[in-house]
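Structural overview
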Amino acid sequence: MEVAPTGITSLLPIFLFPVLGISSAKQICQVYFKDSIVLFFCTLAMTLAVEETNLHKRIALKLLCKVGTRKQTMLLGFMGTTAFLNVGEMAIESGNFDKLKKDDRGFAKALVLACAHGSLIGGTAIITSTGPNLVFREIIQSSYAEHEISVSYVQWMMFAMPPMMLYLLASFAVITSKEEQRISFAVEKKIKCAYDELGKFTFAEKSILAWFILLMASWIMRKPGFIPGWGDLFPDHGKLLSDSVPAVLVVFLLFAWPKDPFAKDPTPILNWDVMKKRFAWSCVLLIGAGYAISEGVEVSSVNPILKNCIIKCRHNSRSCLWFDGLNLVCNHLIAH
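No experiment lies behind these values; they were computed from the predicted model shown. Think of each chain on its own: its residues are numbered from 1, step by step along the sequence as written. For a predicted model such as this one, the threshold for reporting local features is a pLDDT of at least 70, and the threshold for listing and counting side-chain atom pairs is 80 or more; totals across whole chains, interfaces and linings nevertheless cover every residue. Only hydrogens and water are set aside; all other atoms, that is, all heavy atoms of the structure, feed into the side-chain values.

Considering the pattern of salt bridges
Quick note on the threshold: Counted as salt bridges are all cases of a side-chain nitrogen of Lys or Arg within 4 Å of a carboxyl oxygen of Asp or Glu. The secondary structure listing takes helices from DSSP runs of H or I that are at least 4 residues long and strands from runs of E that are at least 2 residues long, numbered from the N terminus. Relative accessible area decides the class of each residue, using a 1.4 Å probe on protein chains only: under 20% of the type maximum gives buried, over 50% gives exposed, and in between gives partly exposed.
Inspection of every chain in the model, using the stated rule, returns seven salt bridges. E205 is the salt-bridge partner of R58, the closest N and O atoms lying 2.9 Å from each other. In this pair, R58 sits in helix α5 (residues 55–67) while E205 sits in helix α12 (residues 203–222), placing the two residues 147 residues apart along the sequence. For D273, the salt bridge identified is with K276, shortest N-O distance 3.6 Å. On the criterion of helical spacing, the pair formed by D273 and K276 is a turn pair, its members being three residues apart in helix α14 (residues 272–278). D273 gets classed as partly exposed once you look at its relative accessible area, which sits at 47%. Taken together, the shared-partner salt bridges in this structure form one network comprising E51, E52, K259 and R278.

Set out below in structure tokens:
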């Protein structure tokens, strides 16, 4: 049981740092709305729009219908889809795998593991997939000039995509069984029924798919590196632009774009009531708190102390092992 919600707790640096004389409230408040946080906000809003249109269900269930009943291909299909679109969890719920026969329950557990592994591994391939990727780029951009080091969308994909594919195949090899088994016919029929219940490809699903592809293309083509990007059309070759610019525009349009333009009272794909109820506001505030703590460490005397400790650990193998072990334990506790 939480003493206070995570989102509210994330705002404590705004109170603590000025009171303790670490940093001013004005300086700390600014880090809660950095460019990377705005971009993370937009990616979460796009994810919510996908869920609102049930596009994730359609993609996942369609994939299950295509890969057949072999357990190995289903696992690989789930891992691949989850890695790129993070839709596997909803597909499991749609397929009602909790009602499997006794012989298939082990496969259901493997399916959950496959989705978890696919989501974690796939999150490394695209810079906007997870918050830590955006935080890393924000640190690089704030520490170095753009002409020295830059991390564009294409550069990140070229760096992270090959190892992601390798890790995905390795994880699949660990999870899957060598036996050539098939799921029961009842489960296959249930998956097809779940897909049929979605009906025809709706206007809302087509719209969000088009907007999603357009947004991805705008991120890639803003500054691709190998050819001039659309950012070069703006003053100073688009130096004032960032990936959050097209993301904010697309999210804004989703609040006006109708689910069904032919309805008597058309409703937009996203509305503020949905954002208030289902949007992960605590995640956005939590990343802001991380930036705030980093800012506090930077302006206080803690930063030199940490640097000296790390330098000493590098020259002492036993201390280095203790430091790595403590770091591993802390990461494990934070993750759980």
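So, the packing of α12 against helix α13 (residues 244–254)
So the rule is basically this: Helix axes use the C-alpha atoms of the stretch in contact, all axes being lines fitted to C-alpha atoms, and the angles between their N-to-C directions lie in the range 0 to 180 degrees. Each angle receives one of four descriptions, namely roughly parallel if under 35 degrees, roughly antiparallel if over 145, roughly perpendicular if within 65 to 115, and oblique otherwise. For any helix crossing, the convention is left-handed if the near helix is rotated counterclockwise from the far helix by under a right angle, and right-handed if that rotation is clockwise. Contact between two residues is taken to exist if any of their heavy atoms lie within 4.5 Å; hydrogens are not considered. Gly is placed with the polar residues, together with every amino acid not listed as nonpolar (Ala, Val, Leu, Ile, Met, Phe, Trp, Tyr, Cys and Pro) or charged (Asp, Glu, Lys and Arg).
Between α12 and α13, the shortest axis-to-axis distance is 10 Å and the interhelical angle comes to 165 degrees. Classified by the angle their axes make, α12 and α13 are roughly antiparallel. Viewed along their axes, α12 and α13 form a crossing whose handedness is right-handed. Counting all contacts with α12, which are made through I208, W211, L215, S218 and W219, the residues of α13 involved are P246, A247, V250, L253 and L254. By residue class, the composition of the contact of α12 with α13 is nine nonpolar, one polar and no charged.

Considerations on a nonpolar patch on the surface
Convention followed: Exposure above 30% relative accessible area and the lack of any salt bridge qualify a residue for a patch; like charges then connect within 9 Å, and the nonpolar side chains Val, Leu, Ile, Met, Phe, Trp and Tyr within 5 Å. Accessible areas in this description were obtained via Shrake-Rupley with a 1.4 Å probe; residue shielding takes into account the shown protein chains only.
Together, L12, F15, L16, V19 and L20 give the surface a local cluster of nonpolar side chains, amounting to about 500 Å² of exposed area. By the secondary structure assignment, L12 is in helix α2 (residues 12–19).

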